[in-house]
Amino acid sequence: MTAERLKVAVVTGASAGIGAATAEALAAVGYEVILGARRLERIEALARRLGGRAFPLDVTDAASVAQFCAHVPAKLHLLVNNAGGALGLEPVAQAKDGDWEWMYQANVVGLMRVTRALLPALEAGRGHIVNVTSIAGREVYVGGAGYTAVKHAAVAVTRTLRLELNGKPIRITDVSPGMVETEFSVVRFAGDQERAAKVYQGLTPLTAADIADCIAWAATRPAHVNVDEIVVKPVAQASATVVARGAGL
């Protein structure tokens, strides 16, 4: 590690979208980044470009989490829990067990596994945990019961951690984005590009870089400053279901 890079950051779900953009933003402000994702070839290429390191990580697999965390040094300064996602938009009457089980593993249990494993290193490094949740953790909408349930849970875990770790030198931030144009909707709709594109039609959505900028800003505040929550949406979006399309915004 160079003299300029005195801090280490772990980013999960770093192969694309918000995770990849966050790795870029953190490297730009001096962090050595350790990247984790299932698509190893992507994070290896990104790590080479950023001077970081990359290791396979599937947060839904306890053994994968243990293997990944074994590569993290004894002092960690920043953990960005970004891995997660949504599957489907069916109402509860048509809900699919497998989709709900995966969403809970990826968004809640996986967040817990990585955080639990790295808490000693974060305490040793007087670190910072940033959990990327969603406005779906604060609202509900028709067809979104599975995703809103897990994101509400992720927000609850974040707030509970803040209570449990009070008195320890660990900051905790929840970043809750609204509409961000990434692979999110493509994954949600099982690769249906046309359906995914319609989500963002008629407005200017946020980009992954916008969310990465929020994360880097929170992480670079003075050590005594904890930014509890950042809720960020495009100007055209008032809520999960109220969006001004075609208004030139």
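Above this note sits the structure.
Residues numbered from 1 in each chain as written. Predicted model: local features only at pLDDT ≥ 70, side-chain atom pairs only at ≥ 80, totals over all residues. Heavy atoms only, no water.

Novice: Which residues make up the pairing of strand E6 (residues 171-177), and what values go with them?
Specialist: The buried fraction of E6 is high, at 7 of 7 residues. Here E6 shows a buried face lined by Arg 171, Thr 173, Val 175 and Pro 177 and a second buried face lined by Ile 172, Asp 174 and Ser 176. Where strand E5 (residues 128-132) and E6 come together, 5 bridges link them in parallel fashion. Paired with Ile 129 across the bridge in E6 is Ile 172. For the crossover from E5 across helix H5 (residues 145-164) to E6, the handedness is right-handed. In this structure, E6 lies alongside strand E7 (residues 229-232), joined through 4 bridges in parallel fashion. Residue pairing across strands places Val 175 opposite Ile 230, the latter belonging to E7. (Buried < 20%, exposed > 50% of the residue type's maximum accessible area, 1.4 Å probe, protein only. Helix = DSSP H or I, 4+ residues; strand = E, 2+ residues; numbered from the N terminus. Pairing = 2+ DSSP bridges. Right-handed = clockwise from strand over helix to strand, strands pointing away.)

Novice: Residues and numbers for the sheet that holds strand E1 (residues 7-12), please.
Specialist: One open sheet holds the 7 strands; their spatial order is E3-E2-E1-E4-E5-E6-E7, and the pairing between them is parallel. Each edge of the open sheet carries a strand with a single partner, namely strand E3 (53-56) and E7. Taking each pair of neighbouring strands and ignoring which way they run, the sheet shows an average axis angle of 15 degrees. In the packing of helix H1 (residues 17-28) onto the sheet, the strands contacted are E1, strand E2 (31-37), strand E4 (78-81) and E6, and the crossing angle to E2 comes to about 165 degrees. Sitting on the sheet, H5 touches E5, E6 and E7, and the angle it makes with E6 is about 160 degrees. (Axes fitted to C-alpha atoms, helices over the stretch in contact; angles between N-to-C directions. Contact = heavy atoms within 4.5 Å.)

All quantities given are derived from atomic positions and should not be read as evidence of function.
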